[in-house]
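Here is what each chain is made of, one letter per residue.
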Amino acid sequence: MAASEALVRVKAVLWLHSLRLWRYRYSFLNMILSEGAWIFMFVLGALLFVPSEKLGVAVKGAFWTIVAWSVVSNFSSLVGGWMDFFISIGMVEEHLVRGFSPFRTLLGRVVTGLSVIVVSLLFMAALVGGAFHVNLLHAESLLLLLLGMGLLAVQSLSYGFTVASVAVRTSVPNNLLEILNLVVVGLLMVPVQALPEGLRLAFLCIPYVAPAHLVKLATGAGEGLEYAALAVAGVEALAMAAVAVWATKWAIQWVRRNGVRAIGFW
Amino acid sequence: MGVKTLLKSGIVLDLYFFKNNRSAFVSMLIWPYLTLGLILGMGAFFGSAESFRQNVGLPVNPLTYFVASTLAMMVSMDVMWGVGGSVLHHRWIGTLPYVLLSPNRTSVTLVFTYVPRYLLTAAIQLAEFAPLVLAVEGLSNGALKLGVMALAATVGMLPLLGFAALFASFLLSIKEESNILSFLNPLILLFSGAFYPAYLLPRWAQLVSAVLPSTYTIELARVAALIGSPELRRVTLLIGALVAMTALYNSASGLVIQAGERRAMREGAI
C-alpha cells in the first residue's frame, strides 16, 4: 500500500515537471539557444589566444570546462531558483498540509535540469565542433566521463537544495549567485597539473574542481591525479548531499513552526 | 509632459533604483571585471598574447582590446535591455497601458527615460576600467584611449537607441517577448564581433554584422586597443558609419513603433 502510494507520488512529480517542460518549450529553447550563444562567444574570445597548431586540444579543454560549469550553474539555479516560484504561488503550504515534502517536488526539477544540460551540450558541441572541425564528444574513457559528470551533478544538486532550504527563510540576491557561478568557471578553468605539486591536492578539495578534473581526464584535456580526484570528488559529493538532506529537514521543521518567507531565492 | 520631464523622471528612477537595489548596483560594478577576467584567464591558460596578435592580425594589446570589447558589449546589451526590455518590465508591473496612453509617443518615452541611465552606467563602467587602462598604457596614451572608448559609448548609443526602439515595437506585438530578447542579445553580440572580430567571421556572418550598429560601436571602441595613438582616419570613418545608422534606424523606428503601438492597442497585447 505504502509502496504504491509512493509510486503515485513519484509519477505525479515527474508528470508535473515533464508537463511544465512541454508547456514552457519556447523558454526551454530560448535557454538552450542563449546559453549556446554566450558560451560560443566566450570560447571564440579565449581561442584567439591559442596558436593554430594547438587549437584542437584547447577547443576540447575550453568546451568541457564550460560543460562542467553548465552542469553546476543549471542545477544550482534551476533547482534552487525554482523554490521562490514555488513559495510565491503558495504551493509549499499546500504540500505540507497534504503530508508531502515540497523538497521532494523540487527533486523533479532534475528532469528540467538534465534536459537543458543534455540538449545544450549537444547544441554547443555541434556549434563549436563545427566551427573548429573537432569531435568534442569523443571521450578516452566513457566510464570516467560519466562518473565525473555524475559526481558534478550530485554536488551541484546538493548545493541547489541547500540554497532552496535557505530560501524558505531568507532571500538570497540572484545577482550575487550569478557572480558566484562565474567564479566557479574561473576555478574550473585552472589545469590542476599546472599548479605547484604541493598545492594540487588542496586545489582538488575545492567543491566541483575534482569532478571537473575527472571530466577533463576522461576527454584527454587533463592529466594526472586520477585516483585522488576520484576519492576527493566522492567524499565531497557525499558530504554535500548530507548537508543538503540536513538543510531540507531543518527547513521543513522551521516552516512548520514559523511559516514560509514570501521572498525567496530570486 | 516634455522631453525634460522624461529625462528628469529617468534620472530619479535610476538614482532610486541604485539606492534601493544595492546588490544589483554591486553586481553591476563587479560584472565587467568578471567578464574581462574570465576571457583573459581562459586566454592565458590556453595560449599567449603573441598568438593573440597573430590571430587578430593587428598590433594590439590584448588587455586594452578586451577592456574596449567588454565596455562596448556591456553598453550595447544595456541599450537592448534598457529600451527593448523596458516593454517587458512595464508589462510585468502593469504600467505598460499608462505608457501607451501617455501624451508622448511610446518610443519617445522609452528612449528618453532610458538615456540618463545609459550615460550613468557607461560612465561608471568607463571609470571602473580607467585605472587599469592608465596603468597598462601610461597616463597620456591611456587618457587618449579612454577618450576613444568614451566617444564610442556616446556616439554608439545613438543608432542603438533606434535599433532597440525598433525591437521594442516588435515586442509590443508579441507575447513571449523575454524568450526572444534573451537569445537574440548574445546572437547580436556574436555577429557584432563582441569578443571575436567580425572580420574573422564567415562571409555570411559578416553580411549580418554589417547591418548591426553594435558592430561599429565595438569596432570604434577597439581602435583604442591598437598599440600607439588611435588612427584618426579610422575613427572618423566609424563615426560616419554610426551617424548614417543613427539616421536610418531612428527614422525606421519612428515609423514602425507607431504601427506596433496601434496593434498593441487594437489587440490588447499589453
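Since this is a predicted model, take the numbers as computed values, not measurements.

So, how was this worked out
- Residues numbered from 1 in each chain as written.
- Chains lettered and ligands numbered in written order.
- Predicted model: local features only at pLDDT ≥ 70, side-chain atom pairs only at ≥ 80, totals over all residues.
- Heavy atoms only, no water.
- Helix = DSSP H or I, 4+ residues; strand = E, 2+ residues; numbered from the N terminus.
- Rg over C-alpha atoms; globule rule 2.2 N^0.38 Å.
- Buried < 20%, exposed > 50% of the residue type's maximum accessible area, 1.4 Å probe, protein only.
- Contact = heavy atoms within 4.5 Å.
- Areas by Shrake-Rupley, 256 points an atom, 1.4 Å probe, with all protein chains shown as cover.
- Lys, Arg positive; Asp, Glu negative; His and termini not counted.
- Charge placed at Lys NZ, Arg CZ, Asp CG, Glu CD.
- Axes fitted to C-alpha atoms, helices over the stretch in contact; angles between N-to-C directions.
- Parallel < 35°, antiparallel > 145°, perpendicular 65-115°, else oblique.
- Left-handed = near helix turned anticlockwise from the far one by under 90°.
- Nonpolar A, V, L, I, M, F, W, Y, C, P; charged D, E, K, R; others polar.
- Phe/Tyr/Trp six-rings, centres within 6.5 Å; stacked < 30°, edge-to-face > 60°.
- Buried area = accessible area lost by both parts, 1.4 Å probe.
- Salt bridge = Lys/Arg side-chain N within 4 Å of Asp/Glu carboxyl O.
- Polar contact = N/O pair within 3.5 Å; in protein donor to acceptor, adjacent residues only side chain to side chain.
- Expected span 1.5 Å × (residues − 1).
- Arc of directions from axis to C-beta.
- pLDDT = per-residue confidence, 0-100.
- 1 Å grid on protein atoms, 1.4 Å probe; cavity = no way out; pocket = protein on both sides within 12 Å on 5 of 7 lines; lining within 4 Å.
- Points joined across faces, edges and corners; volume = space filled by probe spheres on them.

Trainee: Help me get a handle on the overall build of chain A, residues and values and all.
Mentor: When helices and strands are tallied, chain A shows 12 helices and zero strands. For chain A, the N- to C-terminal ordering of α and β elements is α-α-α-α-α-α-α-α-α-α-α-α. A compact globule built from 266 residues would reach a C-alpha radius of gyration of about 18 Å, and chain A, at 20 Å, matches this within 12%. Principal-axis analysis of the C-alpha atoms places the extent of chain A at approximately 65 × 45 × 40 Å. Going through the 266 residues of chain A one by one, you find that 52% of them count as buried. Excluding contacts between residues fewer than 6 apart, the proportion of contacts in chain A whose partners are at least 24 apart in sequence is 80%. Surface exposure of chain A reaches about 12,300 Å², of which carbon and sulfur atoms provide 69%.

Trainee: I'd like a rundown of the overall build of chain B, residues and numbers included.
Mentor: In terms of helices and strands, chain B carries 11 helices and zero strands. For chain B, the sequential pattern of α-helices and β-strands runs α-α-α-α-α-α-α-α-α-α-α. In terms of overall size, chain B behaves like a compact globule, its C-alpha atoms giving a radius of gyration of 19 Å where 270 residues would be expected to give roughly 18 Å. By its C-alpha atoms, chain B is 60 × 45 × 35 Å across when sized along the principal axes. Looking at chain B as a whole, 53% of its 270 residues qualify as buried. Sequence-distant contacts in chain B: of pairs separated by 6 or more residues, those separated by 24 or more amount to 78%. For chain B, the accessible surface area stands at approximately 11,700 Å², while carbon and sulfur atoms represent 70% of it. Once the 17 positive and 11 negative side-chain charges of chain B are each reduced to a mean point, those two points are 7 Å apart.

Trainee: So what's going on with the packing of helix α8 (residues 142-167) of chain A against helix α11 (residues 209-218) of chain A? Residues and values would help.
Mentor: Residues and elements named next belong to chain A. At a closest axis distance of 8 Å, the pairing of α8 and α11 adopts a crossing angle of 160°. With respect to their mutual orientation, α8 and α11 come out roughly antiparallel. The handedness of the crossing between α8 and α11 comes out as left-handed. Counted together, L144, L145, G148, M149, L151, L152 and Q155 of α8 and P211, A212, L214, V215, L217 and A218 of α11 form the full contact between these two elements. When the residues that make up the contact of α8 with α11 are grouped by side-chain class, the tally is 11 nonpolar, two polar and no charged.

Trainee: Report on the packing of aromatic side chains, specifying residues and quantitative values.
Mentor: Applying the stated criterion to the full structure yields 13 aromatic pairs over all chains. For the ring pair B:F52 and B:F66, a centre distance of 5.5 Å and an interplane angle of 50° mean the geometry is tilted. One end of the pair, B:F52, is in helix α3 (residues 49-56); the other, B:F66, is in helix α4 (residues 62-93), with 14 residues separating them in the sequence. Residue classification places B:F66 among the buried positions, given a relative accessible area of 0%. On the numbers, 5.8 Å between centres and 70° between planes, the contact of B:F191 with B:W204 is edge-to-face. Of this pair, B:F191 sits in helix α8 (residues 177-191) while B:W204 is found in helix α9 (residues 203-210), placing the two residues 13 residues apart along the sequence. A relative accessible area of 55% means that B:W204 is categorised as exposed. Taken together, A:F49, B:F52, B:Y65, B:F66 and B:F195 form an aromatic cluster joined through their ring pairs.

Trainee: Before we move on, could you go through the interface of chain B and chain A and cite the residues and values that matter?
Mentor: Opposite the 41 residues of chain B that make contact, chain A presents 33 residues. When chain B packs against chain A, close to 3,300 Å² is buried across both sides, 81% of that on carbon and sulfur atoms. Contact with chain A buries surface across chain B, with B:L38, B:M42 and B:F46 losing the most and accounting together for 20% of the total. The interface formed by chain B and chain A holds zero salt bridges in total. Summed over the shared surface of chain B and chain A, the number is three residue pairs in polar contact (both at pLDDT 80 or more). Every element with two or more residues in the side of chain B that touches chain A is listed here: α2 (22-46), α3, α4 and α8 of chain B. Top element by residues in the side of chain B that touches chain A is α2(B). It accounts for 15 residues. Broken down by class, the residue content of the side of chain B that touches chain A amounts to 28 nonpolar, 12 polar and one charged.

Trainee: How would you sum up helix α1 (residues 3-20) of chain B? Please name residues and give values.
Mentor: All names here are of chain B. An ideal rise of 1.5 Å per residue puts 26 Å on 18 residues; α1 measures up with 26 Å between its terminal C-alpha atoms. All of the buried residues along α1 are L6, G10, D14 and F18. Projected down its long axis, α1 shows its buried positions confined to an angular sector of 95°, all on one face. Exposed and facing more than 90 degrees away from the buried side of α1 are K4, K8, L15 and N20.

Trainee: Describe the confidence of the model for chain B, naming the residues involved and giving the relevant values.
Mentor: All names here are of chain B. A residue-level look at chain B finds 92% of positions with pLDDT of 70 or above and a mean pLDDT of 81. Per-element confidence in chain B is highest for helix α10 (residues 213-222), whose mean pLDDT is 88, and lowest for α8, whose mean pLDDT is 73. Scored as a whole, the predicted complex attains pTM 0.72, and scored at its interfaces, ipTM 0.75.

Trainee: I'd like a description of empty space enclosed by the protein, backed by residues and values.
Mentor: By the definition in use, this model includes two cavities of 30 Å³ or more. Reported here for the largest cavity is a volume of approximately 40 Å³. Contributing to the lining of the largest cavity are A:L187, A:L188, A:V190, A:V192, A:F203, A:V209, A:A212, A:H213 and A:K216. For the lining of the largest cavity, the elements supplying multiple residues, two or more each, are α9 (174-189) and α11 of chain A. Roughly 30 Å³ of volume is contained in the second largest cavity. In terms of lining, the second largest cavity is formed by A:M41, A:L44, B:L190, B:A194, B:F195, B:Y196 and B:L201. Taken together, the residues of the lining of the second largest cavity sort by class into seven nonpolar, no polar and no charged.

Trainee: Give me the environment of B:S251: which residues, what numbers.
Mentor: Residue and element names in this part refer to chain B. The topology assignment puts S251 in helix α11 (residues 232-267). Separated by 64 residues in the primary sequence, S251 and L187 place their C-alpha atoms 24 Å from one another. Reaching out from S251, the side chain makes a polar contact with the backbone oxygen of L248 at a distance of 3.2 Å.

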